[in-house]
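# Structural characterization, general
Chain by chain, the residues:
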Amino acid sequence: MLAKKLIVVHGYSLRKNGELGADKVVLDKAIELYRTGEYEGILLPAGTNEDTGEGKPLIFQQQEEYLLKQGIPQKIIHTTTDSISSDTWTEIFIAHTLCRDLCDWRNNFFEIHAIGYFPHSLKVVGCWRRI
């Protein structure tokens, strides 16, 4: 049985002017991967950090806007406001929950391709290994 392939984009601090910064690098990689035709979805679990707050968009909202501007279809971008993350572990919990909601575990398997920016990518890998 073939696994559904999903891309998980972890979040990073925004620049002081509100631009994406390192997120843009990671999102560009997600776009490159998605355009190979091997992936069924992109998950955006990042929520808040010190540069988000009242009246400002959440990280995943800015990431989603960027993906849409790059021509990625809305239907393959998955986010949630049920839980809002502020750390890597919560991002992984949210991504895991989104995967569960997207897949019928009795008949399907999924393969996660979590992408991050070094050195945070080392923490991302360590956390996902435990899941």
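Look up a bit, the structure's there.
For the structure given in this document, a descriptive report is provided here. (Residues numbered from 1 in each chain as written. Predicted model: local features only at pLDDT ≥ 70, side-chain atom pairs only at ≥ 80, totals over all residues. Heavy atoms only, no water.)

The end-to-end C-alpha separation of helix H1 (residues 22–34) is 19 Å, in line with the 18 Å expected for 13 residues at 1.5 Å each. By the burial criterion, the buried members of H1 are Asp 23, Val 26, Leu 27, Ala 30, Ile 31, Leu 33 and Tyr 34. Along the axis of H1, the buried positions cluster into a sector of 160 degrees, meaning they face one direction only. Considering only its buried residues, H1 is in contact with strand S1 (3–9), strand S2 (41–43), helix H2 (59–69) and strand S4 (109–115). (Helix = DSSP H or I, 4+ residues; strand = E, 2+ residues; numbered from the N terminus. Expected span 1.5 Å × (residues − 1). Buried < 20%, exposed > 50% of the residue type's maximum accessible area, 1.4 Å probe, protein only. Arc of directions from axis to C-beta. Contact = heavy atoms within 4.5 Å.)

Attention shifts here to the side chain of Asp 23. By the element assignment, Asp 23 lies in helix H1. A relative accessible area of 0% means that Asp 23 is categorised as buried. Excluding anything up to four places from it in sequence, Asp 23 contacts His 10, Gly 11, Tyr 12, Ser 13, Leu 14, Ile 59 and Gln 63.

With that out of the way, let us pick up the nonpolar core. Formed by 22 residues in total, the largest nonpolar core has its most connected members in Ile 7, Val 9, Ile 42, Leu 44, Leu 67 and Ile 72. Looking at this core, the elements with two or more residues in it are S1, H1 and H2. Beyond its immediate stretch of four places on either side in the chain, Leu 67 contacts Leu 27, Ile 31, Ile 42, Leu 44, Ile 72 and Ile 77. Among the nonpolar cores identified, the runner-up in size contains eleven residues, and Val 8, Ile 92, Ile 94 and Ala 95 belong to it. (Core = buried A, V, L, I, M, F, W, Y, C linked by side-chain atoms within 4.5 Å.)

Quick look at the sheet that holds S2 now. Read across the open sheet, the four strands follow the order S3-S2-S1-S4; overall the sheet is parallel. What marks the edges here is a single partner per strand, and that holds for strand S3 (77–78) and S4. Bridge count for S1 against S2 is three bridges, and the pairing is parallel. Directly across from Leu 6, in S2, lies its bridge partner Gly 41. Against the sheet, H1 engages S1, S2 and S4, with an angle of about 160 degrees to S1. (Pairing = 2+ DSSP bridges. Axes fitted to C-alpha atoms, helices over the stretch in contact; angles between N-to-C directions.)

Here the focus is the pattern of salt bridges. Using the criterion set out here, one finds four salt bridges in the structure. Close ionic contact of Lys 5 with Glu 38 constitutes a salt bridge, the shortest N to O distance being 2.9 Å. Of this pair, Lys 5 sits in strand S1 while Glu 38 sits in the loop between H1 and S2; the two residues are 33 residues apart in sequence, bridging distant segments of the chain. Overall, Glu 38 belongs to the partly exposed group, its relative accessible area being 45%. (Salt bridge = Lys/Arg side-chain N within 4 Å of Asp/Glu carboxyl O.)

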